[in-house]
Amino acid sequence: MAGALSRGALPLFRFKGIQVRLHWSFIALPLYVAYSSLSEGLGWSIVWMQLAMVGIVFACVVLHEFGHALTARHFGVGTRDITLLPIGGVASLERMPEEPRQEFWITVAGPAVNLVIAVLSFIIVAAMGLVTLFSDLLLGATMFTNLLFFLVAANLWLFLFNLIPAFPMDGGRILRSVLAMRMPRERATRIAAGLGRAVAILGMGYGLYAGQPFLALIGLFIYMAAGAEARNVAQREQLRGIGVAQVMRTRFWTMGGAASVAEARDELLAGGDTALLVLDIAGQPMGVVSGSDIIQAIEQGRSTTRLSDLPPRPAAPIAPSDDAHEATQRMIMSGLPLMPVIEAGRLVGVLELQNLQEYLRLRRAERSTDQR
Ligand SMILES: [Zn+2]
């Protein structure tokens, strides 16, 4: 989804190594604002003011997303980019940690940013209020005071709106992580997604009833996203009781640690996989290098660096007899795209996320033909 989002998005700026983009559909928001105001007979000066307000709200949305992204970085999780949509922002984290405590803090950080902006703006307004009590010299400050009041209102609204416990919004994620501290993650997700869908249906219904198309659109978005997340977790659940041997890839791409980044790039372009296993001289796995690791190394001018010096990301080996579900959970938690499968000291395959999804799709297809 993240990749699909950034494809149709205009790069705006980069901060702390994270690219901020504007999705093409964003244009709908200023057009809608301008159209609805002009059709109500309001002048262009009002329209410009409203557009400025939209700009300020989205600046706060960007700060909110950086709250998520920088907290995720604290836990060793990178962010591909931040994309702004007319209904809000999305920080595309490389993965969401399955450790509930980490998911909790990463998610809480976004709304917390809005609360901090609201409180700071309020303190400044309050302080200025005290000053104006003693002198009328600050007459020119009304515009600034209005801006601060707007910041307080907008950020309080962003804070409360994001805390609605409708998965996959922040409130729903916070709910899921708190539940997951007490029960299996799958069950926590089912409960949070169910609540999310219920809230989404209420939102859509109210949006249509009250003639608020944006609210209805947000409801539809939440409904679909809640379903997608619940499906992902349920899919992984199907791997329970299946051995790694059944789902591992036996054809895979390896390279010696002495090979250079440039050689790995050539292999990648020649149609390699999305990640490769790096082997030492004895043919034992040293770790994993992903396609994005290679791109990053090239960007840093390290084309001649040996793969062993990158260094590869360490990947604990798994056994063919291990449970595929547990192995997948471990792989996701460690943020690796693949893990080596070792039997009696010999490399026999790799477990790969992309391949697992393929396996599950095939299995569903086979089941549906069986039922005919
Ligand atoms: Zn958020």
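> What exactly am I supposed to notice about the sheet that holds strand 7 (residues 285-290) here?
One key point about sheets: their strands pair by backbone hydrogen bonds, in either a parallel or an antiparallel sense. Ordered by their spatial adjacency, three strands build an open sheet running 5-6-7, and the pairing between neighbours is mixed. Of all the strands in the sheet, the pair left with one neighbour each is strand 5 (254-256) and strand 7. Strand-to-strand twist in this sheet, taken as the mean axis angle between neighbours without regard to direction, amounts to 30°. Sheet topology note: the strand 6 (residues 275-279)/strand 7 ladder contains five bridges and is antiparallel. Its bridge partner lying in strand 7, L277 is registered against V288.

> What exactly am I supposed to notice about unusual backbone geometry here?
Put simply, L310 and P311 share a cis peptide bond, and its omega is -5°. Position of P311 among the secondary structure elements: in the loop between helix 11 (291-299) and helix 12 (324-334). With phi around 55°, K16 is a residue other than glycine that occupies positive phi space. If you trace the backbone, K16 turns up in the loop between strand 1 (9-15) and strand 2 (18-23). Backbone geometry places A344, a non-glycine residue, at a positive phi of 50°. Of note, A344 is situated in the loop between strand 8 (338-343) and strand 9 (346-352).

> Explain the side chain of S37 here, please?
Tracing the backbone shows S37 in helix 2 (residues 28-39). In this structure S37 comes out as buried when scored by relative accessible area, which is 4%. There is a polar contact of 3.1 Å between the side chain of S37 and the backbone oxygen of V33.

> Could you clarify how one ought to interpret the coordination of the zinc ion in this entry?
Reference geometry at the metal: tetrahedral coordination by four donors gives ideal angles of 109.5 degrees; octahedral coordination by six donors gives 90 or 180 degrees. Protein coordination at the zinc ion comes from H64 (NE2), H68 (NE2), D170 (OD) and D170 (OD), with a distance range of 2.0 to 2.7 Å. Its four donor atoms give the zinc ion angles of 53 to 146° at the centre, a pattern that matches the irregular case. Read N to C, the donor residues that coordinate the zinc ion are spaced as H-x3-H-x101-D. Note that H68 is positioned in helix 3 (residues 44-74) and D170 in helix 6 (residues 170-180), a separation of 102 residues in sequence. A relative accessible area of 8% means that H68 is categorised as buried. We classify D170 as buried; its relative accessible area is 10%.

> Just checking my understanding: could you explain the domain arrangement of the chain for this structure?
Interface extent is often summarised as the accessible area lost during association of the parts. Assigned domains of the chain: these are domain 1 (2-163) and domain 2 (244-370). Placing the centre of domain 1 and that of domain 2 at their C-alpha centroids yields a distance of 38 Å.

Analysis parameters
In this numbering scheme, every chain counts its residues from 1 along its sequence in written order. Totals for whole chains, interfaces and linings use every residue, but because this is a predicted model, local features are given only for residues with pLDDT of at least 70 and side-chain atom pairs only at 80 or more, for both listing and counting. Water and hydrogen atoms were dropped before computing side-chain values, which therefore reflect all heavy atoms in the structure. A pair of strands is considered paired only if DSSP assigns at least 2 bridges between the two. In this description a helix means any DSSP run of H or I spanning at least four residues, a strand means any run of E spanning at least two, and both kinds are numbered starting from the N terminus. As a rule, the C-alpha atoms of each element are fitted with a line to give its axis, helices using only the stretch in contact, and angles between N-to-C directions run from 0 to 180 degrees. Relative accessibility decides the category of a residue: with a 1.4 Å probe and only protein chains considered, values under 20% of the type maximum give buried, values over 50% give exposed, and everything between is partly exposed. Here a polar contact is recorded for every N or O atom pair within 3.5 Å, except that within protein the pair must consist of a potential hydrogen donor and a potential acceptor, and residues adjacent in sequence are included only if both atoms are side-chain atoms. Think of the donor list as every N, O and S atom within 2.8 Å of the metal, or within 3.2 Å for Na, K and Ca; water never makes the list, so a site can look incomplete. All geometry calls rest on donor angles, where a four-donor set with angles between 85 and 135 degrees is tetrahedral, four- and six-donor sets with opposite donors more than 155 degrees apart and all others between 65 and 115 are square planar and octahedral, and all else is irregular. Source of the domain bounds: an automatic or database domain assignment.

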